[in-house]
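Spelled out from the first residue to the last, the chains are:
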Amino acid sequence: MIKSISDRSKKILHSLINEYIISGEPIGSRTLSKKYNIDLSPASIRNELADLEELGFLFQPHTSAGRVPTDEGLRYYIDSILVIRKLTEFEKQIIDNSYRGSTFEFIDIMKETSRLLSVFSRFTGVVLAPKFENITFKHIEMVKFRKNQILTVLVSKTGIIRNKIIEIDEDLSQDELYKFSRYLNELLTDLTLKEARKKIVAEMKKEKNMYDCLLSMALKLSQKAFNSQVEDDIYDDDIYIYGKCNIFDYPEFCDIEKTKTVFRAFEEKSILIKILDQAIEGNGIQIFIGSENNFKEMQSCSIVASPYTCKDNTIGILGVIGPTRMSYSDIVPIVDYTAKTVSRIMDNI
């Protein structure tokens, strides 16, 4: 439930957070009185600050220091006060032009997107590539590996390749595997992996396929291959990160242990993948502030993320990672416009 505060308290909270974003230092009543158009004495401002602290929106690091916003205070600011600025046409043009003039492969698009997000935000840009299950299937190849093992190669329309070795009971020839591949490519091309799995199950139920043992075997092998891809759908190379060191330019990351913790999350990648994967279920911009991140490694950071789509289906997530005092008014439109741009590109791949 959103707490209710007076307009005067909102103005003071807004001013304090704006100043904190700029300085990173605790903000006192005298600073607010001098720099912002608040028609109150420093003593009255101090009383308002004390009330905001009691609500859990601010805290005082030291008795004699000013105050800084809590994660709860930042959440209230984002949900109830924040005004998002609009990108200029020039900024939009820079983003659009970054994807023009070259025939980008899918991986290049992911890398360029993470770079753009980092350069524009001056923080860390991150892109979670589409889950293989959610993108369009193009081709399957089956290759005899050992007597009872087959190497299956799945290729998406965007060029993502997944290899998987599956165990079989039969000793099949390479000619039989070629026949399986041709049949499955005719049956499944241009379906998502999710749709392909459903179609395989439906075909296996049809009596007309049961007279041909080879086709029946092809369906069984493809079912095993496709199911194994869903089980192993998260890969470390499916996340693209640019500007890892940018956030360490901020004084709040001077603490060596805090820096190590965040950098470990960047290096291990699985933590970021899990955080971003949670955002794929949402719509539009999502912001995770500090302690709202379930993983302690990222609780000194905020993440501004947005899904990107293909044919109106959410397939991946992109965003910016920075300190909790990032300028959300500037970062949100960058992430939002970049997600829409990537979505348009995906529609045309």
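For the structure itself, consult the block above.
Residues numbered from 1 in each chain as written. Predicted model: local features only at pLDDT ≥ 70, side-chain atom pairs only at ≥ 80, totals over all residues. Heavy atoms only, no water.

1. Let's talk about the environment of L58
Quick reminder of the rule: The numbering of helices and of strands both runs from the N terminus, where a helix is a DSSP run of H or I of at least 4 residues and a strand a run of E of at least 2. Partly exposed describes any residue whose relative accessible area lies between the buried limit of under 20% and the exposed limit of over 50%, with all areas from a 1.4 Å probe on protein chains only and scaled to the type maximum. Throughout, a contact is declared for two residues whenever any of their heavy atoms are within 4.5 Å.
By the element assignment, L58 lies in strand β1 (residues 58–59). The exposure class assigned to L58 is buried, which follows from its relative accessible area of 2%. Remark: the alpha-carbon pair of L58 and L74, spanning 16 residues in sequence, is separated by 9.1 Å. Sequence-distant contacts of L58, defined by excluding residues within four places in its chain, comprise L13, L16, L49, L52, E53, R67, V68, P69 and T70.

2. Quick notes on the environment of V320
Inspection of the secondary structure assignment puts V320 in strand β10 (residues 313–323). It is 5.7 Å that separates the C-alpha atoms of V320 and I303, two residues lying 17 residues apart in sequence. When neighbours within four sequence positions are excluded, V320 is seen to be in contact with L117, S121, F123, T124, V126, S302, I303, V304, M326, I331 and V335.

3. Details of the environment of I22
With respect to the helices, strands and loops of the structure, I22 is situated in helix α1 (residues 7–23). Since its relative accessible area comes to 61%, I22 is described here as exposed.

4. Side note on the packing of aromatic side chains
Aromatic ring pairs are reported here in terms of the distance separating the ring centres and the angle at which the planes meet. Cut-off, in case you're wondering: We call Phe, Tyr and Trp rings a pair once their centres come within 6.5 Å, taking the six-membered ring for Trp, and we label the pair stacked below 30 degrees between planes, edge-to-face above 60, and tilted otherwise.
A complete count under the given rule lists four aromatic pairs for this structure. Ring geometry for F248 and F253: centres 6.0 Å apart, planes at 80 degrees, overall edge-to-face. Take F253: its relative accessible area is 2%, and that puts it in the buried class. Here the aromatic residues F248, F253 and F263 are joined through ring pairs into a cluster of three or more.

5. Here's the deal with the sheet that holds strand β7 (residues 239–242)
This is how it is decided: By the convention used here, strands pair only if DSSP detects at least 2 bridges between them. In this description, a line fitted to the C-alpha atoms serves as the axis of each element, helices being fitted only across the stretch in contact, and the angle between N-to-C directions of two axes falls anywhere from 0 to 180 degrees.
Pairing is antiparallel in the open sheet, where five strands are placed in the order β7-β3-β10-β9-β8. On the outer flanks of this sheet lie β7 and β8 (286–289), each paired with one strand and no other. Here the average twist between neighbouring strands, direction ignored, is 20 degrees. Here strand β9 (residues 301–310) pairs with β10 via ten bridges, running antiparallel.

6. Observations concerning the sheet that holds strand β5 (residues 149–156)
Pairing within the open sheet is antiparallel, and its three strands lie in the order β4-β5-β6. Strands at the two margins of the open sheet, each flanked by one partner only, are β4 (137–146) and β6 (161–167). Within the sheet, the average angular offset between the axes of one strand and its neighbour, ignoring direction, is 20 degrees. The pairing of β4 with β5 spans eight bridges and is antiparallel.

7. Quick look at the pattern of salt bridges
Side-chain pairs of opposite charge can arise where the charged atoms are in close proximity. Spelled out, the test is: By definition here, a salt bridge exists when the distance from a side-chain nitrogen of Lys or Arg to a carboxyl oxygen of Asp or Glu is within 4 Å.
Inspection of every chain in the model, using the stated rule, returns 16 salt bridges. Its salt-bridge partner being R75, residue D79 comes within 3.2 Å of it at the nearest N-O pair. Of this pair, D79 and R75 are both found in helix α4 (residues 71–81), four residues apart, which corresponds to roughly one turn of the helix. Owing to a relative accessible area of 47%, D79 belongs among the partly exposed residues under this scheme.

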